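Chain by chain, the residues:
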Amino acid sequence: MAHIAYRDALGQAMSEEMRRDDKIFLMGEEVGFYQGAFKVSRGMLEEFGPMRVIDTPITEAGFTGVGIGAAMVGLRPIIEMMTFNFSILAMDQIINNAAKIRSMSGGQFTVPLVVRGPGGSAARLAAQHSQSLESLYCHIAGLKVIAPSVPKDAKGLLKSAIRDENPVICFEAQALYGTMGEVPEGEYTIPIGVADVKREGKDVTLIAWSKMLLMCLRTAEELAKQGIDAEVVDPRTLRPLDMETILNSVRKTNRVVIVEEAWPYAGVSAEIADRITHEALDILDAPVERVTGVDAPIPYAKNLEQAALPSPEKIIHAVKKVMYLE
Amino acid sequence: MTSKKPPLIEFLRQMILVRRFEEKAAEMYALGKIAGFCHLYIGEEAVAVGAIGAANPDDYIVTAYRDHGHALARGLEPKRVMAELFGKATGVSKGMGGSMHLFDAGKNFMGGYAIVGGHIPVATGIGFAMKYEKKDQVVLCFFGEGSVPSGNFHEALNLASLWRLPVVYICENNRFGMGTPVERSSALYDIAHAAKAHDMPFHHIDGMDVIDVYNQMKKVIEGVRASKRPIFVEARTYRYMGHSMSDPAHGHYRTKAEIDEQKKRDPILTLQQRLLEKKEITPEEVSKMEREIQDIVLESVEFAEKSPEPPLEALTEYVYSK
Ligand SMILES: Cc1ncc(C[n+]2csc(CCOP(=O)(O)OP(=O)(O)O)c2C)c(N)n1
């Protein structure tokens, strides 16, 4: 297996798919000549040329809408948001058009579109550049939402997203791009809607995705030192959600902590917690705990940014709470 | 009013302050004292200094993320700007905003914003309030040429023109939006012509020449104040540094030769030369000015360094007003 960076796994997924199907193209700010703001599309302009790796002006609504139109008549666009903070400008296109066209045309048109790019906090980028917006898109019927946490999943899931007939939103945490991992040689895909148990354990189930998944894995090691054996479940795809895998884990541990970088209010973790309580109340030994970002815009100051985000300490505290150790 | 002579020595001082302040900021960034995104304005100083110098102190300023120059030209305290870059409680935005989000309500400095084009409707709204309240203030809205293709830009300019709002839209055309030159982002090469679509008068100014900026902006601003109609100004300028601290100054999307060519028209050196030739300033006075600015910059770093971090309560304190 090759040991590669998350950003390169995504680049491979796009390049391999574009070699396979010439209807696929990549469009966004700085994706071509500049090689991608985060270098995910490095080398792609050279290989595929400017008709398939397309640099745009700073016009998120415009080029996302262009992607939607192209998708309606048979092309398969991948739209790169330089960061998901800017996808907010394209939300009208994504929510009112991409997510609705199939339904409101009575199934006559489909929109096989991928919108991908980095999200979440990185190093002190301040309020307008640190947002985790998964829940906004998860709220919308007609969209699928994926959030891979490791290079292998990133490649396999992005390939599935590109092949999907529906609009798929792919969140790539900005802070993950440089992280490394094993990626299988040869062709493979990972289905949308299938979670993955990233660490087996018996005492408590930690549920997290993307950057928070890695934080949970580190925290699980810390918990192990304290004699607590955590199972870590990575939903990988947030809509649709693989409740089966989650509930299997809860049946084993009877205790759940969900960790989400975004704000608590109407967050994805609230949805998961609600589903667990309804489908597994009788097997829960404690109320489901959520560790989320603080309900405030993320500030610039270092100490405040740290305080605003989930941390291993907060996770450990929540774990002890569901185990009645605190 | 337009006959008043530009305060050139003061402009020289302000431009040097902006330049030295930012050179120091770059150093502090390299040391990890400043984090996040930090976009330097080096090369473009004449635009902010000349334009804001031509405005009244109570006119409003709204700008984007490349905002250190506008803040200093508006008279925000250098030490409090530096403290903001350090993320300290004493910063102009109390450490909450950082480099891209400098604010000073007391100076009608309405903020730096990080979403390209997102502040243009906001500036327009301040203009709307001026009309609504029958006030005489004008709004100066700065943005890069990268904003001009965006929907926010066009929607806001249409409203401003339709409703006759007192806003000066100042496009700082430094030729690049990140790695994309204007030829590859705008169908209109002559950016100012975008104003035509909104029936708005427009001007070109030489953004490397603070005298041209000042003289033309003086007329433009007073014109807007009198006519209550918005105006579009394209200042042609150039950024010497990379787009942000992680982007190299040259190499990938432009050559060193191109930058060196532009530096021949450096706004600071040309003004300094001119003042020396006309004997309006002596070399000794220039050195003295440099030393004073050096002290201000060093003091600002010291102040920032010594200032406390914001208290933890600040995290949620400013989310809602009480
Ligand atoms: C809506 C939006 N899309 C993308 C970005 C990323 N981005 C930040 S600055 C920039 C280039 C802007 O260039 P320009 O407006 O010319 O201003 P300059 O940096 O030259 O001052 C881009 C693409 C952003 N901040 N906001």
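Residues numbered from 1 in each chain as written. Chains lettered and ligands numbered in written order. Predicted model: local features only at pLDDT ≥ 70, side-chain atom pairs only at ≥ 80, totals over all residues. Heavy atoms only, no water.

To continue, consider the pattern of salt bridges. The tally for this structure, following the rule as stated, stands at 50 salt bridges over all chains. The partner of A:Glu16 in a salt bridge is A:Lys159, with the nearest N and O atoms 2.7 Å apart. Residue A:Glu16 is located in helix α1 (residues 6-20), and its partner A:Lys159 is located in helix α8 (residues 151-163); the two are separated by 143 residues in the primary sequence. For A:Lys159, a relative accessible area of 1% corresponds to the buried category. The partner of B:Arg184 in a salt bridge is A:Asp55, and the shortest N-O contact between them spans 3.1 Å. Taken together, the positions of B:Arg184 in the loop between β6 (180-181) and β7 (202-206) and A:Asp55 in strand β3 (residues 53-55) put the pair across two chains. Under the relative-accessibility criterion, B:Arg184 is labelled partly exposed at 36%. Residue classification places A:Asp55 among the buried residues on the basis of a relative accessible area of 17%. Overlapping salt bridges, with partners in common, bring together A:Glu16, A:Glu17, A:Arg20, A:Lys155, A:Lys159, A:Arg163 and A:Glu187 in one network. (Salt bridge = Lys/Arg side-chain N within 4 Å of Asp/Glu carboxyl O. Helix = DSSP H or I, 4+ residues; strand = E, 2+ residues; numbered from the N terminus. Buried < 20%, exposed > 50% of the residue type's maximum accessible area, 1.4 Å probe, protein only.)

For the rest of this paragraph, the subject is the interface of chain B and chain A. The interface is formed by 39 residues belonging to chain B together with 31 residues belonging to chain A. Together, B:Ile115, B:Met178 and B:Leu315 form the three largest contributors to the area buried by chain B at its contact with chain A, with a combined 21%. Put simply, chain B and chain A have one salt bridge between them. At the junction of chain B and chain A, the tally comes to twelve residue pairs in polar contact (both at pLDDT 80 or more). (Contact = heavy atoms within 4.5 Å. Buried area = accessible area lost by both parts, 1.4 Å probe. Polar contact = N/O pair within 3.5 Å; in protein donor to acceptor, adjacent residues only side chain to side chain.)

Attention now moves to the domain arrangement of chain A. The figure often quoted for interface size is the accessible area lost as the parts come together. All names here are of chain A. According to the domain assignment, chain A consists of domain 1 (2-183) and domain 2 (196-323). Taken over C-alpha atoms, the centre of domain 1 sits 26 Å from the centre of domain 2. The partner domain 2 presents 26 residues to the 33 residues of domain 1 that form the contact. Contact between domain 1 and domain 2 buries roughly 2,300 Å² in total, counting both sides, with carbon and sulfur atoms accounting for 57%. On the domain 1 side of the interface with domain 2, the three residues burying the most area are Ser121, Arg124 and Ser149, jointly 26% of the side's total. (Domains from an automatic or database assignment.)

Below, the discussion takes up the environment of B:Asp104. All names here are of chain B. Secondary-structure assignment places Asp104 in the loop between α4 (78-85) and β2 (109-112). Given a relative accessible area of 15%, Asp104 falls into the buried group. Beyond its immediate chain neighbours, meaning those up to four positions away, Asp104 contacts Leu76 and Phe109.

Before going further, it helps to examine the UniProt feature "domain: Transketolase-like pyrimidine-binding" (unreviewed entry) in chain A. Mapped onto the present numbering, the UniProt feature "domain: Transketolase-like pyrimidine-binding" (unreviewed entry) falls at residues 4-179 of chain A. Along residues 4-179 of chain A one finds 38% helix and 17% strand; the C-alpha atoms at either end are 8 Å apart. (UniProt positions renumbered as here; feature names shortened; annotations may be inferred.)

This brings us to the nonpolar core. B:Leu140, B:Val168, B:Met217 and B:Leu271 are the most contacted members of the largest nonpolar core, which has 63 residues in total. The dominant element in this core, judged by the number of residues it contributes, is helix α1 (residues 8-30) of chain B, at ten residues. Beyond its immediate stretch of four places on either side in the chain, B:Met217 contacts B:Ala51, B:Ala54, B:Leu140, B:Val168, B:Ile170, B:Ile205, B:Asp212 and B:Val233. Counting residues in hydrophobic clusters, the runner-up holds 46 residues, among them A:Phe25, A:Met81, A:Ile246 and A:Val250. (Core = buried A, V, L, I, M, F, W, Y, C linked by side-chain atoms within 4.5 Å.)

So, on to the site of the ligand. As a structural note, the neighbourhood of the ligand is formed by 20 residues, with A:Glu60, B:Tyr65, B:Arg66, B:Asn174 and B:Phe176 the closest of them. Flanking the ligand are residues from chains A and B. Contact distances for the ligand include 2.7 Å between an oxygen atom and a side-chain N or O atom of B:Arg66. Within the side chain of B:Glu145, one N or O atom sits 3.1 Å away from an oxygen atom of the ligand. In the complex, 95% of the free accessible area of the ligand, which totals 590 Å², lies under the protein chains. Grouping the amino acids of the shell around the ligand by side-chain chemistry returns ten nonpolar, six polar and four charged. (Near = heavy atom within 4 Å. Areas by Shrake-Rupley, 256 points an atom, 1.4 Å probe, with all protein chains shown as cover. Nonpolar A, V, L, I, M, F, W, Y, C, P; charged D, E, K, R; others polar.)

The next point concerns the pairing of strand β2 (residues 24-28) of chain A. Residue and element names in this part refer to chain A. The buried count for β2 comes to five of five residues, which makes it a mostly enclosed element. Taking every second residue as pointing to the same face, both faces of β2 are buried, with Ile24, Leu26 and Gly28 on one and Phe25 and Met27 on the other. One ladder, built from five bridges, connects β2 with strand β4 (residues 76-80); its direction is parallel. Bridge assignment links Ile24 to a residue of β4, and that residue is Arg76. Sheet topology places β2 next to β3; three bridges connect them, and they run parallel. In the sheet register, Leu26 faces β3, and the bridge partner there is Val53. (Pairing = 2+ DSSP bridges.)

Omega for the bond connecting A:Arg239 with A:Pro240 falls within 30 degrees of zero, at 0°, which places this linkage in the cis form. Among the structural elements, A:Pro240 can be located in the loop between β12 (237-239) and α10 (243-253). A positive phi is found at A:Ala266, a non-glycine position, where the angle reads about 55°. Relative to the helices and strands, A:Ala266 is located in the loop between β13 (256-259) and α11 (268-280). Taking the relative accessible area as the measure of exposure, A:Ala266 reaches 62% and is therefore exposed. With a phi close to 55°, B:Arg164 is a non-glycine residue in the positive phi region. Here B:Arg164 shows up in the loop between α6 (151-163) and β4 (167-173).

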